[in-house]
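Here is how the chains run, residue by residue.
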Amino acid sequence: MASVPWAEIREKFQAALALSRVELHKNPEKEPYKSKYGARALLEEVKALLGPAPEDEDERPQAEDCLGAGDHALALPAEVLEAEGPVAQGAVRLAVIEFHLGVNHIDTEELSAGEEHLVKCLRLLRKYRLSQDCVSLYIQAQNNLGILWSEREEIETAQAYLESSEALYKQYMKEIGSPPLDPTEHFLPEEEKLAEQERSKRFEKVYTHNLYYLAQVYQHMEMFEKAAHYCHSTLKRQLEHNAYHPIEWAINAATLSQFYINKLCFMEARHCLSAANVIFGQTGKVSTTEDTTEAEGDVPELYHQRKGEIARCWIKYCLTLLQNAQLSMQDNIGELDLDKQSELRALRKKELDEEESVRKKAVQFGTGELCDAISAVEEKVSYLRPLDFEEARELFLLGQHYVFEAKEFFQIDGYVTDHIEVVQDHSALFKVLAFFETDMERRCKMHKRRIAMLEPLIVDLNPQYYLLVNRQIQFEIAHAYYDMMDLKVAIADKLRDPDSHIVKKINNLNKSALKYYQLFLDSLRDPNKVFPEHIGEDVLRPAMLAKFRVARLYGKIITADPKKELENLATSLEHYKFIVDYCEKHPEAAQEIEVELELSKEMVSLLPTKMERFRTKMALT
């Protein structure tokens, strides 16, 4: 090293960093890693010029240092040891090179070599990892090893590295607290070293990345509560340090809302979605400290896709809040229970009184103007369960607005599955709104809208490739016709003398419901058209419900022909008997359809007597 000026070594290092930052698409098509390999060659030159690693006792590889050991050097240091003197300085500079070589090899998909260099970096810094000179580099090396092991699906090893980084950050901030050196500063002249403010910003960014990776690891480990906490911390810190991409931040906030929706924490979910809308609106309008990523390079396509994805998160919010309200207010046959509705109205005042204290405990993003902008979006959307049609309609209209927005990107041509899911959500919004509607004719129209949007999907879908989706839609259409028929029967029952038009309408709805239930049941048959002796667990309940409703539908057909009515009753009995017999052979099925099974047993007992009376009456006439 004595023969080579230090300035020359610094220049080589800076040249290597510059080459490392060259985006892949700027390299020749046949040599996508050309710049990376160039950077690697310069780093290897610098490494050679720096000389071998220090050979004092503490730096020699030890048993627990073997490559791949997940917990080597992960324990926190008991005391601060500053990297002072030529030996320590040499070790730190070499560790910087090992770190960049590690990242370089990972970037070129050479993971084992990358791991080796990063582990060498940790070994060299082990004694000094809590010092101002080394803590940031040490955390970054561990973060990269955490990512590497996560990509190998060795999640517990990844967790160990990342949690060690988090603990080291906390210990450093508690015991020392001053902004540490950025790794690049070890190859900068004194006059070019960073100001404390810039050092602090970079170190906080390193810790934010650590929290982000931990959130992903906890999600992978199905530690959802912890994952949500770390995701929220990451998003909050990104806003505080102005270190985010609007599109990426918004989609992460919208995704976090789904966790809160599943926990029925609607205030928190609304806040995440409102923040997502506000930050997404910054796309192309504000500059942040983050470099533009390749992921956001093709903005028009990505912009519209993410906009559609955020819209779908809003749809889930509206739909789940409406469905939760329905579950809270329905009776045992799925109709509105006025007593439960009154109880919830009485609770509403208490919910509103507690709103402020709940809000203080809830997740919050942004300060000042940003906070005001998020609040302005929140104020337009309720987080409370709707208690009547007007409140439900407001949520429905918001959900429908986002349905139209999602469908702008997720079109049937190119996004078949996504498009269908959006349409199914739209249908579900109409279905739950119908629960709040007291006018039976208007409820019928809502179910008719559902059918109108679902039936065209069946025509476009290839049942061979979309069997499960086809089944879902067939069952849903059948159920919509079934509900319409029940409503028309209820309307007819209120009339003294229903005319032939109403009778024909009821029978047509009955026929349509039967058609789609039969299509669903036929889809369960094997290639030889034989119905399975054992129905799969995933379709057991829908299959039993379809059989039950088919039985009921045949019993509801209105006909003046006694012979035809007897045939319908016989078919009805056959389906009720199937349910009873199947549950006797497969006792586990009984718990899936307890109510329907009891009714089926009752009908199997009553229908033969009714049919016998019919035969006697027919014989007499």
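The rules we used
Residues numbered from 1 in each chain as written. Predicted model: local features only at pLDDT ≥ 70, side-chain atom pairs only at ≥ 80, totals over all residues. Heavy atoms only, no water. Helix = DSSP H or I, 4+ residues; strand = E, 2+ residues; numbered from the N terminus. Rg over C-alpha atoms; globule rule 2.2 N^0.38 Å. Buried < 20%, exposed > 50% of the residue type's maximum accessible area, 1.4 Å probe, protein only. Contact = heavy atoms within 4.5 Å. Areas by Shrake-Rupley, 256 points an atom, 1.4 Å probe, with all protein chains shown as cover. Phe/Tyr/Trp six-rings, centres within 6.5 Å; stacked < 30°, edge-to-face > 60°. Salt bridge = Lys/Arg side-chain N within 4 Å of Asp/Glu carboxyl O. Patch = residues over 30% accessible without salt bridge, like charges linked within 9 Å, V, L, I, M, F, W, Y side chains within 5 Å. Lys, Arg positive; Asp, Glu negative; His and termini not counted. Charge placed at Lys NZ, Arg CZ, Asp CG, Glu CD. Axes fitted to C-alpha atoms, helices over the stretch in contact; angles between N-to-C directions. Parallel < 35°, antiparallel > 145°, perpendicular 65-115°, else oblique. Left-handed = near helix turned anticlockwise from the far one by under 90°. Nonpolar A, V, L, I, M, F, W, Y, C, P; charged D, E, K, R; others polar.

Asks: What is the right way to read the overall build of the protein from this model?
Replies: Secondary structure assignment for the protein yields 23 helices and zero strands. Relative to a compact globule of 621 residues, whose C-alpha radius of gyration would be 25 Å, the protein shows 33 Å and is clearly more extended. Viewed in the frame of its principal axes, the protein has a C-alpha envelope of about 120 × 55 × 45 Å. Here the protein holds 621 residues, and the buried ones make up 48% of them. For the protein, the proportion of contacts with a sequence separation of at least 24, taken over those separated by at least 6, is 74%. When the accessible surface of the protein is totalled, it reaches about 31,900 Å², and 51% of it is carbon and sulfur.

Asks: What am I meant to see in the packing of aromatic side chains here?
Replies: How two aromatic rings sit relative to each other is given by the distance of their centres and the angle of their planes. Under the counting rule described, the total for this entry stands at 26 aromatic pairs. Ring geometry for phenylalanine 266 versus tyrosine 317: centroids 6.0 Å apart, planes at 80 degrees, classification edge-to-face. Remark: tyrosine 317 occurs in helix H11 (residues 299-329) and phenylalanine 266 occurs in helix H10 (residues 266-280); sequence separation between them is 51 residues. With respect to class, phenylalanine 266 is no different from tyrosine 317; both count as buried.

Asks: Looking at this model, I keep getting lost on unusual backbone geometry. Mind explaining?
Replies: Most of the time, phi is negative for any residue but glycine, and the peptide bond is trans. Phi is positive for glutamate 109, which is not a glycine, with a value near 65 degrees. Among the secondary structure elements, glutamate 109 is positioned in the loop between helix H3 (85-107) and helix H4 (111-125). The exposure class of glutamate 109 is exposed, given its relative accessible area of 62%. Unusually for a residue other than glycine, glutamate 222 sits at a positive phi of about 60 degrees.

Asks: I would appreciate a short explanation of the pattern of salt bridges in the present structure.
Replies: It is possible for side chains of opposite charge to pair when their charged atoms get near one another. Evaluated as defined, the whole model comprises 31 salt bridges. Where glutamate 198 meets arginine 202, a salt bridge forms, and the shortest distance between an N and an O atom there is 2.9 Å. One end of the pair, glutamate 198, and the other, arginine 202, are both in helix H7 (residues 196-220), four residues apart, so they sit about a helical turn from each other. Arginine 345 is the partner of aspartate 388 in a salt bridge, and the nearest nitrogen-oxygen pair spans 3.6 Å. Remark: arginine 345 occurs in helix H12 (residues 338-353) and aspartate 388 occurs in the loop between helix H14 (368-378) and helix H15 (389-409); sequence separation between them is 43 residues. Judged by relative accessible area, aspartate 388 falls into the partly exposed class, the value being 22%. Salt bridges here are not isolated pairs; linked through shared partners, they connect Asp182, Glu198, Lys201 and Arg202.

Asks: Just checking my understanding: could you explain the environment of lysine 236 for this structure?
Replies: Tracing the backbone through its elements, the reader meets lysine 236 in helix H8 (residues 224-240). On the accessibility criterion, lysine 236 (30% relative accessible area) is partly exposed. On a C-alpha basis, the gap between lysine 236 and arginine 496 in space is 65 Å, while along the polypeptide they are 260 residues apart. Ignoring anything within four residues of it in the chain, the contact list for lysine 236 reads Gln364 and Phe365.

Asks: I keep staring at a negative patch on the surface and nothing clicks. Help me out?
Replies: Taken together, Glu537, Asp538, Glu588 and Glu592 make up a surface patch of like negative charges. With respect to the secondary-structure elements, glutamate 592 resides in the loop between helix H22 (587-590) and helix H23 (594-620). Assessed through its relative accessible area of 34%, glutamate 592 is described here as partly exposed.

Asks: What am I meant to see in the packing of helix H17 (residues 440-460) against helix H18 (residues 467-493) here?
Replies: Relative placement of two packed helices is described by the angle separating their axes and the distance separating the axes. Here H17 crosses H18 at 155 degrees, and the two axes come no closer than 9 Å. One finds that H17 runs roughly antiparallel with respect to H18. The handedness of the crossing between H17 and H18 comes out as left-handed. Each residue belonging to the contact of H17 with H18 can be placed in one class, and the counts come to 14 nonpolar, three polar and eight charged.

Asks: What is the right way to read the packing of helix H1 (residues 6-20) against helix H2 (residues 34-50) from this model?
Replies: At a minimum axis separation of 8 Å, H1 and H2 run at an interaxial angle of 155 degrees. Taken together, the axes of H1 and H2 are roughly antiparallel relative to one another. Between H1 and H2 the crossing geometry is left-handed. Residue-level contacts link Trp6, Ile9, Lys12, Phe13, Ala15, Ala16, Leu19 and Ser20 of H1 to Ser35, Lys36, Gly38, Ala39, Leu42, Leu43, Glu45, Val46, Leu49 and Leu50 of H2. The residue inventory of the contact of H1 with H2, partitioned by class, reads twelve nonpolar, three polar and three charged.

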